[in-house]
Amino acid sequence: MASTVCNILFSTPYPFQQKIDANRSKPKLSNIIQQRIDKKGLICNSTPMKKKRVLVTGGSGFLGSHICENLLNKGREVICVDNFFTGRKENILHLMDNPYFEVIRHDVTFPLYIEVDEIYNLACPASPIHYQFDPVQTTKTSVHGAINMLGLAKRIRAKIFQASTSEVYGDPEVHPQTEDYWGNVNPIGIRSCYDEGKRCAETLFFDYNRQHNLRIKVGRIFNTYGPRMTMDDGRVVSNFVVQALRGEDITVYGKGDQTRSFCYVDDLVNGITSFMEDTPDEFTGPMNLGNPNEFTILELAETVIDMIDTKSKIVFKDLPSDDPTQRKPDITLAKNTMGWEPQIQLREGLVKTIEYFDNYLKAL
Ligand SMILES: NC(=O)c1ccc[n+]([C@@H]2O[C@H](COP(=O)([O-])OP(=O)(O)OC[C@H]3O[C@@H](n4cnc5c(N)ncnc54)[C@H](O)[C@@H]3O)[C@@H](O)[C@H]2O)c1
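Everything numeric in this text was worked out from a predicted model, so none of it was measured. (Residues numbered from 1 in each chain as written. Predicted model: local features only at pLDDT ≥ 70, side-chain atom pairs only at ≥ 80, totals over all residues.)

S.K.: Quick question: what am I supposed to make of the site of the ligand here?
M.R.: Lining the immediate environment of the ligand, one finds 29 residues, of which Gly-58, Gly-61, Leu-63, Thr-86 and Gly-87 sit closest. Those elements giving two or more residues to the shell around the ligand turn out to be α4 (62-73), α6 (135-156) and β5 (159-165). Looking at the shell around the ligand, its residues break down into twelve nonpolar, 15 polar and two charged. (Near = placed C-beta within 6 Å. Helix = DSSP H or I, 4+ residues; strand = E, 2+ residues; numbered from the N terminus. Nonpolar A, V, L, I, M, F, W, Y, C, P; charged D, E, K, R; others polar.)

In structure tokens, the structure reads:
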């Protein structure tokens, strides 16, 4: 009976419209709700839900495109904002037919006025080659971009996620890195535009939280890899895979004994969206998100060669300045607060990444 009443009410969206028009009064939300209570006093629980509208800055980049896809799959309406500096239309082409997906070409260093419920702020070049190409713009993207997105979130009372980075720990003296470690960062080196830009963005997020009671989530992302990384962007996994697929020598900087932990993109995206959607507002982070399994760069090179039928050999080159020697997240906080930990281990993730780059290279 209740559902029949509800169906009638929804098949005629404003059954009381004539009365409203006659009275020349605006429909009040309370009136609308009242009309949807059936005669037996049962509240109709099939009120159409508004889709949550989510803004993803940097949405056509490697991580951003996977976040857009994940959110659309969960039934969200997604607005991707990107200036296409390192982002690519191919990363989001498969989402374009979805009526709940929109793309806006915009640089986050300029203000944006839009109505959304949540913001994922990922806009920022992430690979050294790209962020060192125009270091001033990199700092501006992190700092002005954060100010603009936080200003927007404040105005519309939206919840906002910041894609911070393990680089805020610099060349760490604490290993593995826990969130309470303040880091060891060179403020004037060639990586500083990225590292210090991200550190300043974190400061801004926490000041907006303290000063304006804004709902913030700050995730410190560790090395992540997977399909849709840009080839030749200097990131170690894509570098090694592409070099091996092309049969070129694999370049290892230094002796290759520096360590990294590699997180597969699907694991990371689940961690980010769960942080945003499943944790209470009081839980702001910062929270490490990454895979704690540690490998030396040399081990990674050997694994890639082992998995690809290639004639590539490993060659050694000088270590660039400020290259951190160790990197491994302590993810106890993520485990305890959301029960999150990576499920996909290196070889499994590499299979999917190699397949992606193999198809990509063949299509060139
Ligand atoms: N991938 C990783 O391993 C990793 C690790 C730590 C942190 N992060 C962070 O995650 C975010 C996404 O990284 P990614 O790996 O997808 O990099 P990416 O370079 O693929 O994506 C960055 C996106 O931001 C866009 N962008 C850059 N400057 C912009 C601007 N001024 N206005 C609008 N858009 C802009 C780019 O065009 C691109 O689409 C970055 O903020 C990065 O710092 C990534």
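Further notes follow.
S.K.: I would appreciate a short explanation of the packing of helix α10 (residues 297-307) against helix α12 (residues 346-363) in the present structure.
M.R.: A pair of packed helices can be characterised by two numbers: the angle between their axes and the separation between those axes. Their axes nearest at 11 Å, the elements α10 and α12 cross at an angle of 60°. It follows that α10 is oblique to α12 by the angle criterion. Handedness of the crossing formed by α10 with α12: right-handed. Contacts from Thr-303, Val-304 and Met-307 of α10 reach α12 at Leu-346, Arg-347, Leu-350 and Ile-354. A class-by-class count of the residues in the contact of α10 with α12 yields five nonpolar, one polar and one charged. (Axes fitted to C-alpha atoms, helices over the stretch in contact; angles between N-to-C directions. Parallel < 35°, antiparallel > 145°, perpendicular 65-115°, else oblique. Left-handed = near helix turned anticlockwise from the far one by under 90°. Contact = placed C-beta atoms within 7 Å.)

S.K.: When you look at the pairing of strand β8 (residues 250-253) in this model, what are you seeing that I'm missing?
M.R.: If a strand is regular, its side chains alternate between the two faces of the sheet. Along β8, the buried face is formed by Ile-250 and Val-252; none of Thr-251 and Tyr-253, which line the opposite face, is buried. Bridging between β8 and strand β13 (residues 314-317) involves four bridges; their strand directions are parallel. Its bridge partner being in β13, Ile-250 is matched across the sheet by Ile-314. (Buried ≥ 20, exposed ≤ 12 C-beta atoms within 10 Å, placed from the backbone. Pairing = 2+ DSSP bridges.)

S.K.: Even after reading the chapter, I still don't get the environment of Glu-299, so can you show me in this structure?
M.R.: Relative to the assigned elements, Glu-299 resides in helix α10. Classification of Glu-299 by C-beta neighbours within 10 Å gives partly exposed; the count is 15. Along the backbone, Glu-299 and Thr-259 are 40 residues apart, and their C-alpha atoms lie at a distance of 9.2 Å.

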